[in-house]
Each structure stands twice: as C-alpha cells, then as structure tokens.
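# A structural walkthrough
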Amino acid sequence: DVKVTQSSRYLVKRTGEKVFLECVQDMDHENMFWYRQDPGLGLRLIYFSYDVKMKEKGDIPEGYSVSREKKERFSLILESASTNQTSMYLCASSFAFGIADAYNEQFFGPGTRLTVL
Amino acid sequence: ELKVEQNPLFLSMQEGKNYTIYCNYSTTSDRLYWYRQDPGKSLESLFVLLSNGAVKQEGRLMASLDTKARLSTLHITAAVHDLSATYFCAVDISRGSQGNLIFGKGTKLSVKP
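Everything in this summary refers to the structure shown in the same document. Everything quoted here is computed from the prediction, not taken from an experiment.

### Things to note about the layout of surface pockets
- Each pocket or cavity is described by its volume, and for the largest pocket that value is around 620 Å³.
- Lining the largest pocket are 27 residues, and of these Gln37 and Pro39 of chain A together with Gln37, Thr86 and Phe88 of chain B sit closest to its centre.
- Looking at the lining of the largest pocket, the elements that each hand over two or more residues are strand S4 (31–38), strand S9 (87–94) and strand S11 (112–116) of chain A together with strand S9 (85–92) and strand S11 (107–112) of chain B.
- Classifying every residue of the lining of the largest pocket by side-chain character gives ten nonpolar, eleven polar and six charged.
- Of the voids in this model, the second largest pocket is the one considered here, and its volume is about 390 Å³.
- What lines the second largest pocket is a set of 18 residues, among which Asp59 of chain A together with Leu2, Ile102, Phe103 and Lys105 of chain B lie closest to the centre.
- Elements with a contribution of two residues or more to the lining of the second largest pocket: strand S5 (42–49) of chain A together with strand S1 (4–7) and strand S10 (101–103) of chain B.

### Quick look at the state of the cysteines
- As enumerated under the stated definition, the model contains two disulfides over all chains in all.
- What pairs with Cys23 of chain A in a disulfide is Cys91 of chain A, and their sulfur atoms sit 1.9 Å apart. Negative torsions about the S-S bond denote left-handed disulfides, and the value of about -75 degrees found for Cys23 of chain A with Cys91 of chain A makes this one left-handed. Highlighted residues: Cys23 of chain A in strand S3 (residues 19–25) and Cys91 of chain A in strand S9, separated in sequence by 68 residues.
- The exposure class assigned to Cys91 of chain A is buried, which follows from its relative accessible area of 0%.
- Across the disulfide from Cys23 of chain B sits Cys89 of chain B; the S-S distance is 2.0 Å. Linking Cys23 of chain B and Cys89 of chain B, the disulfide has an S-S dihedral of approximately 80 degrees and is accordingly described as right-handed. One end of the pair, Cys23 of chain B, is in strand S3 (residues 19–25); the other, Cys89 of chain B, is in strand S9, and 66 residues separate them in sequence. Across the pair, exposure class does not vary: Cys23 of chain B and Cys89 of chain B are buried alike.

Rules of the game
- Residues numbered from 1 in each chain as written.
- Chains lettered and ligands numbered in written order.
- Predicted model: local features only at pLDDT ≥ 70, side-chain atom pairs only at ≥ 80, totals over all residues.
- Heavy atoms only, no water.
- 1 Å grid on protein atoms, 1.4 Å probe; cavity = no way out; pocket = protein on both sides within 12 Å on 5 of 7 lines; lining within 4 Å.
- Points joined across faces, edges and corners; volume = space filled by probe spheres on them.
- Helix = DSSP H or I, 4+ residues; strand = E, 2+ residues; numbered from the N terminus.
- Nonpolar A, V, L, I, M, F, W, Y, C, P; charged D, E, K, R; others polar.
- Disulfide = S-S within 2.5 Å.
- Buried < 20%, exposed > 50% of the residue type's maximum accessible area, 1.4 Å probe, protein only.

Rendered as structure tokens:
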C-alpha cells in the first residue's frame, strides 16, 4: 500500500513564526503536492514538485515556499505565519505525468491541521 | 478558466434511498478520480475512471465517466449511514501548470435513518 505520512497531525503556531510541514512518501513517486483545504473552498494547490529540487507554483503560492532535497520528502514552509494560513494542509504524491498505461491518481497523507494564533 | 463543478454540494438522504452526485468539468480530459473524505480525515481514493464510458462499482457506489459530455456521476444505491462523508471528484489535466488534478468543491453526504 502507498503510504504518505505527514510530520504532525495538529500544530499551533504564533503569527510571524517560521513553520515547517514535512511529508514523506514510500512509493518512489516522482510527483508530490501540497494543498490546503478550507470549508467552502475545497482543495487548493499550493505547490507541486515533479522531481528532486524541482517545483512549480500552484493556485495559491503566496506566503509559502517548498523544498524537495530527496525524492521521498517534500517540505512546505511558511516563512512568516499569519492567521489567514490557519487551515488543513494535505500532502499527496503520484507517479510522473503521462507514464504510458499508468494513471496519475494522487495518494494523500493524513493532513496537518495548522492553527496560527 | 478550468472549472470542476459538483452538484449538489450538500445532500441529506434517508437510508435505503438512491441518489446521484454529478461532476461537470470544463476542459478536455479522459481521466477522472473520485475520493471520499470522512470528517477530520484525509482523502481516500474510491474510483479511477480512465476512459470514456468507464464504469466502476464498489458496494453501493457506482461511478461513470462520459468524456464527451465532460460529466462524471457517482450513484448511490440504497444508502446506508456508513456512506456519510464528503465526496470529491478530481479531473486529470496532467499537462497543466496547475498540477495534474483539479478538484471539485466536494459533496457532503449525510445519510439518516
């Protein structure tokens, strides 16, 4: 079974703090994603990565950065946390785009509920 | 603008009844995924639909895909309380800069006795 793990289930931080959210997958997936989920807004893509050290902005990258130094690990960084970044953060992974006969189903981690006070 | 619209967003059903959730999308795609999310939990994959006319069934849930109509349906047969959850469809747009899946806003299903 695919396993995607996230470093914390719940996190409480103060405004202005630097926050690191870690995600690890064990399926040798090329792609990794960070989403945030808010009531009424669904899932919104923050960043994704299709290879080590590669990243692309999603729909809402402002206030976030990412790091992918190893294939299995994808980190989301809030440089200076703000209250409007209080949310559920979901990490996901999938095989590379367009592999013949494979599909791009994403597998999700358990989520990190972040509260910024 | 790419859009994935689910309908309805909220659904309250009685046990034993049937209903269909609709997922319309605005771009060309022949791959679509359905996920389930229980309260406070993450997303769990339900169905992978890879071509026009694809139909998948698991227990009381059946999903289908019509790529020409850009429509997928999730049909619930004889609902039971255990099906209460939020269901998301996600359209595969793998060549886009937005990443490979665009999610609908989800349909929150509540099944009551």
